[in-house]
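Structural characterization, general
Here's the letter readout for the chains.
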Amino acid sequence: MSEILTAPLPVEAPLDRTMILNMGPQHPSTHGVLRLVLEIDGEIVVRLTPDIGFLHTGIEKTCEAKFYQQVVPLTDRIDYLSPMANNLCYCLAVEKLLDLEIPDRAQWLRVLLSELTRLNSHLVWLGTHAMDVGALTLFLYCFREREEILRIFDCVAGQRMMTSYFRIGGLSLEPPLDFYGRVQNLLKMLPEKIDEYENLLSGNPIWIQRTQGVGLLSAADAIAFGVTGPPLRASGVDWDLRRDMPYSSYEKFQFKVPVSNGCDVWSRYIVRLEEMRESIKIAQQALDGLPEGRIKADAPKIVLPDREKMKTQMEALIHHFKIVTEGFAVPAGRVYQAIESPRGEMGYFVVSDGTAKPYRVHMRNPTFATLQALETMCVGRLLADVVAIIGSIDIVLGEIDR
Amino acid sequence: MASVTGKNAVLASHAENRAIATLQQQFPNAVLDATFDHKELTLTVAREEIVNICRAVQAAGYNFLADVTCVDGYPAHPRFQVTYHILSHALKERLRLCVPVGAADASLNSITSVWPAANFYEREVFDLFGVKFNGHPNLRRIMLPEDFGAHPLRKDFPVEGYR
């Protein structure tokens with residue numbers, strides 16, 4: 001213990017020229033409870049040390065005390081802006097351990113909802129990022145469209161944010177009939193809305209000055225710091241797990257991976273805007289080509305039976321009772337499953353010892369790694385740029401602190 | 001591909017794998033065990049060589065450190081398995097390195113000199129498991145308060161009730 005307490009704080013420089021400024025954890029532009037200790041020379045950032053952990057709830061430890069299926073609702077709470085991405089990643093990891101075959105219909109619905117999640121997350125990012133930099137109008141525009149996506153989540157999962165809709169072995173329920181019409185209306189409406197956002201921002205001289213050439217991060221630095229997702233692609237690295245290491249039948253969809261060589265806040269904005277347009281295309285393909293069939297795998301000992309069967313068939317009732325009270329055993333082993341979440345590579349490392357509770361669940365969350373690159377992006381820039389740069393890496397403290 | 005266990009069987013059946021070829025050539029004695037399961041390659045390597053091994057696989061094309069974490073096998077010996085997930089953008093391939101670390105001297109060398117990305121991850125493992133990383137530039141707790149006094153992801157730390 002003693003050595004922990006005596007370890008020097010990184011920001012303990014002689015204060016003849018510079019001063020220490022504490023930013024957060026209650027600063028509105030840090031999108032949660034991020035605390036930054038800044039060493040500044042006038043208004044220029046000399047050093048920046050992120051201090052995290054204010055939202056640490058020990059989710060990884062909690063997972064070890066739950067049945068496999070009980071972990072799904074916990075995963076929503078990690079990255080509360082993209083719950084379906086977390087659900088998907090965890091379910092894929094456990095399904096890999098179980099060697100479960102997921103029906104096509106469930107996989108395509110998962111793709112469709114993952115892309116809606118990406119749109120949802122990017123809309124929040126765009127609105128708050130623009131608001132941080134001073135473009136207040138856009139926030140209301142983005143939240144107007146996000147509201148419709150949340151309503152779709154509500155109609156499909158019965159919950160707006162903590163959806164827990166993906167289950168190990170498929171989906172929890174068949175979507176209601178009005179779901180398809182609502183998604184179609186949304187997908188038809190969104191492209192022109194995105195043009196509208198672009199009209200508001202891309203030609204705006206203030207927006208251009210606040211973002212272009214700010215927060216430079218080279219491709220080599222991005223890889224060294226473990227940066228993934230849109231910030232990595234905005235640094236010119238053409239890497240997207242959906243295309244390069246496909247999961248959940250993403251290989252059957254046609255889409256482009258937007259890449260930019262600008263390495264700055266502006267390129268991250270452009271990359272995410274383009275990504276939203278591609279997400280609409282993927283979601284449209286999933287909706288148009290949605291296969292018929294079941295939404296749950298044929299594994300009665302793992303997947304809960306339909307309510308109707310549970311109430312009429314003895315065997316289904318027994319399975320239901322066993323799964324709910326005892327869980328299901330997962331063969332011993334360990335897997336690492338990664339997906340392209342809205343923020344980058346999200347990975348779940350699940351270790352099983354052959355019982356009904358996971359032995360260890362570890363989440364690799366994209367912004368935890370991206371945060372390490374923040375100092376490189378901010379040093380030498382003005383204090384006000386720190387706010388723009390934090391916005392551009394799209395942090396969610398829930399997934400950093402877990 | 002079916003799962004393969006046992007060092008010699010994996011090394012023989014995946015001899016063309018870039019990581020295995022590199023390690024066989026440069027550190028023939030450092031690979032303690034190997035598994036190929038769920039299409040994922042796991043190499044258990046010696047604690048002393050972890051930095052050199054990381055440098056070697058980085059040079060072999062595994063350019064991206066995705067994750068560092070730890071599994072507590074209490075009461076097994078050696079107790080901890082520090083686990084590295086490494087990705088190759090060019091090969092589109094993942095590699096998992098496991099380093100067994102005993103409870104008596106729970107420490108190993110930091111790989112922050114190879115991948116700066118390991119910085120936060122090693123701090124997290126130190127914070128939650130109490131495994132120390134020698135040569136880490138700033139080995140302090142990252143999630144918990146500095147005076148927390150325990151390492152909660154260890155298996156002997158209770159989930160509920162009082163400590």
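Going by the structure above, here's the rest.
Notes on the structure in this doc start here.

The rules we used
- Residues numbered from 1 in each chain as written.
- Chains lettered and ligands numbered in written order.
- Predicted model: local features only at pLDDT ≥ 70, side-chain atom pairs only at ≥ 80, totals over all residues.
- Heavy atoms only, no water.
- Helix = DSSP H or I, 4+ residues; strand = E, 2+ residues; numbered from the N terminus.
- Rg over C-alpha atoms; globule rule 2.2 N^0.38 Å.
- Buried < 20%, exposed > 50% of the residue type's maximum accessible area, 1.4 Å probe, protein only.
- Contact = heavy atoms within 4.5 Å.
- Areas by Shrake-Rupley, 256 points an atom, 1.4 Å probe, with all protein chains shown as cover.
- Lys, Arg positive; Asp, Glu negative; His and termini not counted.
- Charge placed at Lys NZ, Arg CZ, Asp CG, Glu CD.
- Patch = residues over 30% accessible without salt bridge, like charges linked within 9 Å, V, L, I, M, F, W, Y side chains within 5 Å.
- Salt bridge = Lys/Arg side-chain N within 4 Å of Asp/Glu carboxyl O.
- Buried area = accessible area lost by both parts, 1.4 Å probe.
- Polar contact = N/O pair within 3.5 Å; in protein donor to acceptor, adjacent residues only side chain to side chain.
- Phe/Tyr/Trp six-rings, centres within 6.5 Å; stacked < 30°, edge-to-face > 60°.
- Lys NZ or Arg CZ within 6 Å of the ring centre and 35° of its normal.
- Axes fitted to C-alpha atoms, helices over the stretch in contact; angles between N-to-C directions.
- Expected span 1.5 Å × (residues − 1).
- Parallel < 35°, antiparallel > 145°, perpendicular 65-115°, else oblique.
- Left-handed = near helix turned anticlockwise from the far one by under 90°.
- Nonpolar A, V, L, I, M, F, W, Y, C, P; charged D, E, K, R; others polar.
- Pairing = 2+ DSSP bridges.

1. Remarks on the overall build of chain B
Helix and strand content of chain B: 4 helices and 8 strands. Put simply, chain B runs from its N terminus to its C terminus through helices and strands in the order β-α-α-β-β-α-β-β-β-β-α-β. The C-alpha radius of gyration computed for chain B amounts to 16 Å, which stays within 12% of the reference 15 Å derived for 163 residues, consistent with globular compactness. Counting only C-alpha atoms, chain B reaches 50 × 30 × 25 Å along its principal axes. Burial statistics for chain B: of 163 residues in total, 57% are counted as buried. Excluding contacts between residues fewer than 6 apart, the proportion of contacts in chain B whose partners are at least 24 apart in sequence is 51%. Looking at chain B as shown, the accessible area adds up to about 6,700 Å², and 50% of this sits on carbon and sulfur atoms. In chain B, 16 side chains carry a positive charge and 17 a negative one; their mean positions are 3 Å apart.

2. A short note on a nonpolar patch on the surface
All names here are of chain A. A surface patch of nonpolar side chains, about 290 Å² in accessible area, is lined by Met314, Leu317 and Ile318. The topology assignment puts Leu317 in helix H14 (residues 314-326). Overall, Leu317 belongs to the partly exposed group, its relative accessible area being 36%.

3. Notes on the interface of chain A and chain B
Contact residues are listed per partner, giving 50 residues for chain A and 53 residues for chain B. Buried area between chain A and chain B, summed over both chains or domains, comes out near 4,200 Å², and the portion from carbon and sulfur atoms is 62%. Where chain A touches chain B, the interface holds 5 salt bridges. Here B:Lys155 ties to A:Glu64 by a salt bridge, and the two come within 3.1 Å at their closest N and O atoms. Across the contact surface, chain A and chain B share 20 residue pairs in polar contact (both at pLDDT 80 or more).

4. What to know about the packing of aromatic side chains
Applying the stated criterion across every chain, the model contains 15 aromatic pairs over all chains. Plain terms: the ring middles of A:Tyr247 and A:Tyr250 are 5.1 Å apart, the flat faces sit at 70 degrees to each other, and that makes the pair edge-to-face. There is no split in this pair, since A:Tyr247 and A:Tyr250 are both buried. Across from the ring centre of A:Trp125, 4.7 Å away, lies the NZ or CZ of A:Arg272, which sits over that ring. The cationic tip of B:Lys155 hangs over the ring face of A:Tyr359; the distance from NZ or CZ to the ring centre is 3.9 Å.

5. Considerations on the packing of helix H4 (residues 83-98) of chain A against helix H5 (residues 104-133) of chain A
Contact geometry of H4(A) with H5(A) gives a least axis separation of 8 Å together with a crossing angle of 145 degrees. Contact with H4(A), carried on its side by A:Pro83, A:Met84, A:Ala85, A:Leu88, A:Cys91, A:Leu92 and A:Glu95, involves A:Arg110, A:Leu113, A:Ser114 and A:Thr117 of H5(A) and no other residues of that element.

6. Digging into helix H4 (residues 118-129) of chain B
All names here are of chain B. In this model, H4 (12 residues) spans 16 Å end to end at C-alpha, consistent with the 16 Å of a helix rising 1.5 Å per residue. The buried fraction of H4 amounts to 12 of the 12 residues, a majority that puts the element mostly inside the structure. For H4, the complete set of buried residues consists of Ala118, Asn119, Phe120, Tyr121, Glu122, Arg123, Glu124, Val125, Phe126, Asp127, Leu128 and Phe129. Looking one or two places after H4, you find Gly130, whose phi comes out positive at around 75 degrees.

7. Section: the packing of helix H6 (residues 136-157) of chain A against helix H7 (residues 178-201) of chain A
All names here are of chain A. Between H6 and H7, whose axes approach to 10 Å, the crossing angle comes to 165 degrees. By the angle class used here, H6 and H7 are roughly antiparallel. Two packed elements cross with a definite hand, and for H6 against H7 that hand is left-handed. Residues Leu138, Tyr141, Cys142, Arg144, Glu145, Glu148, Ile149, Arg151, Ile152, Cys155 and Val156 of H6 form the contact with H7, whose participating residues are Asp178, Phe179, Arg182, Val183, Leu186, Met189, Leu190, Lys193, Glu196, Tyr197, Leu200 and Leu201. Among the residues forming the contact of H6 with H7, the class breakdown is 15 nonpolar, no polar and 8 charged.

8. Regarding the pattern of salt bridges
Residue and element names in this part refer to chain A. This structure, assessed with the given rule, holds 40 salt bridges over all chains. Its salt-bridge partner being Asp240, residue Arg242 comes within 2.9 Å of it at the nearest N-O pair. Taking relative accessible area as the criterion, Asp240 reaches 0% and is therefore assigned buried. Glu274 serves as the salt-bridge partner of Arg277, at 2.9 Å between the closest nitrogen and oxygen. Of this pair, Arg277 and Glu274 both sit in helix H12 (residues 265-288), 3 residues apart, which is roughly one turn of the helix. A single network of salt bridges, built from pairs that share partners, joins Glu115, Arg118, Arg233, Asp240, Arg242, Glu275 and Glu340.

9. Brief notes about the environment of A:Val183
For A:Val183, the position within the fold is in helix H7. A relative accessible area of 0% means that A:Val183 is categorised as buried.

10. A word on the sheet that holds strand S7 (residues 344-352) of chain A
Residues and elements named next belong to chain A. On the basis of which strands lie adjacent, the open sheet formed by 3 strands has the order S6-S7-S8 and antiparallel pairing. Each edge of the open sheet carries a strand with a single partner, namely strand S6 (333-341) and strand S8 (360-364). Strand-to-strand twist across the sheet, computed as the mean angle between neighbouring axes with direction ignored, equals 15 degrees. As paired strands, S7 and S8 are joined by 5 bridges and run antiparallel to one another. Directly across from Val351, in S8, lies its bridge partner Arg360.

11. Side note on the sheet that holds strand S1 (residues 4-5) of chain B
Residues and elements named next belong to chain B. Across the sheet, 6 strands lie side by side as S1-S2-S3-S6-S5-S4; this open sheet has mixed pairing. Each edge of the open sheet carries a strand with a single partner, namely S1 and strand S4 (64-72). Where strand S3 (residues 40-45) meets strand S6 (residues 93-101), 3 bridges bridge the pair, whose relative direction is parallel. Its bridge partner being in S6, Leu43 is matched across the sheet by Leu97.

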